[in-house]
Amino acid sequence: DDSLVMHIAKKAGTYTFPKNSRQLISLYRNLYDATDGAVTPLVGDTLAALGYDKEYSLQPGQVSAVPKWDDVMSWNGMEVTTTQPVMLDFGAAGKGYLVDLTADLLERHGIKDYVIDASGDIRQRGTGEQIIGLENPQDTTRVIGAAKLHNASLCASATNRRRWGDGLHHVID
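Structure report, in brief. (Residues numbered from 1 in each chain as written. Predicted model: local features only at pLDDT ≥ 70, side-chain atom pairs only at ≥ 80, totals over all residues. Heavy atoms only, no water.)

Of the regular secondary structure elements, the protein holds 5 helices and 10 strands. Dimensions of the protein, computed from C-alpha atoms along their principal axes, come out at roughly 50 × 40 × 30 Å. The buried share of the protein, reckoned over its 173 residues, is 32%. For the protein, long-range pairs separated by at least 24 residues make up 52% of all intrachain contacts whose partners lie at least 6 apart in sequence. Carbon together with sulfur atoms contributes 51% to the accessible area of the protein, which is approximately 10700 Å² in total. (Helix = DSSP H or I, 4+ residues; strand = E, 2+ residues; numbered from the N terminus. Buried < 20%, exposed > 50% of the residue type's maximum accessible area, 1.4 Å probe, protein only. Contact = heavy atoms within 4.5 Å. Areas by Shrake-Rupley, 256 points an atom, 1.4 Å probe, with all protein chains shown as cover.)

Put into structure tokens, the structure is as follows:
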């Protein structure tokens, strides 16, 4: 309840983000522009209304349209100014960014051979390789392909994961 994201969700205003979030914010803006708004951190209110809220109530309620970025917020450096309360959700790229931060931490401490598996976001580095089975979303007992990772990363998601009802899952668009 006292997080920066919750403050922004409760009241319009100007908020300062941590310095290390610059890349994530830039990535989201680039993805937003490249996908005509389909990838956006502004899906938080929609996810919460669908039941994917902080309590994981999984009880859908009244859903409103995802707002347009430039209608509700503007960024200047590390500051965001919002014109209304907005629930930001950085989950689409945030977990991958956390994997990158974790890898940086490992490497700063001299660990050069590792696999970080954050449930769909995977990074491998070292002398070996990691083979990742790509699950068939219609039949989770089957693999539809494999990816070989050697000093590389992979990010994947599907609508059969984090699902709590007919058509209710963590992917909005």
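What follows deals with the environment of T82. Mapped onto the fold, T82 is located in strand β3 (residues 79-82). Along the chain, T82 and M6 lie 76 residues apart, while their C-alpha atoms are 13 Å from each other. Excluding residues within four positions of it along the chain, T82 makes contact with I8, K11, A12, G13, Y15, V72 and M73.

What follows covers the nonpolar core. Among the nonpolar cores identified, the biggest contains 18 residues, and I8, F17, L42, M73 and L88 are the most heavily contacted of them. The leading source of residues in this core is helix α2 (residues 22-34), at 4 residues. Grouped together as the second largest cluster of nonpolar side chains are 6 residues, V43, L47, L50 and W164 included. (Core = buried A, V, L, I, M, F, W, Y, C linked by side-chain atoms within 4.5 Å.)

Glancing now at the sheet that holds strand β4 (residues 114-117). With antiparallel pairing, 3 strands are arranged side by side in an open sheet as β4-β5-β8. Looking along the sheet, the strands with just one partner apiece sit at the ends: β4 and β8 (152-155). The sheet shows a mean angle of 5 degrees between the axes of neighbouring strands, direction not considered. Bridge count for β4 against strand β5 (residues 121-125) is 4 bridges, and the pairing is antiparallel. Residue pairing across strands places Y114 opposite R125, the latter belonging to β5. Running at roughly 25 degrees to β5, helix α5 (residues 91-108) makes contact with β4 and β5 of the sheet. (Pairing = 2+ DSSP bridges. Axes fitted to C-alpha atoms, helices over the stretch in contact; angles between N-to-C directions.)

All chains considered together, the criterion is met by 7 salt bridges. Connected through salt bridges with shared partners, the residues D100, E107, R123 and R125 form a single ionic network. (Salt bridge = Lys/Arg side-chain N within 4 Å of Asp/Glu carboxyl O.)

Glancing now at the pairing of strand β2 (residues 73-76). Judged from the 4 bridges that link them, β2 and β3 form a sheet pairing that is antiparallel. Paired with S74 across the two strands is T81, which belongs to β3. Two successive antiparallel strands, β2 and β3, enclose a turn made up of 2 residues, where G77 displays a positive phi of approximately 65 degrees.

By themselves, these figures tell us nothing about what the structure is for.
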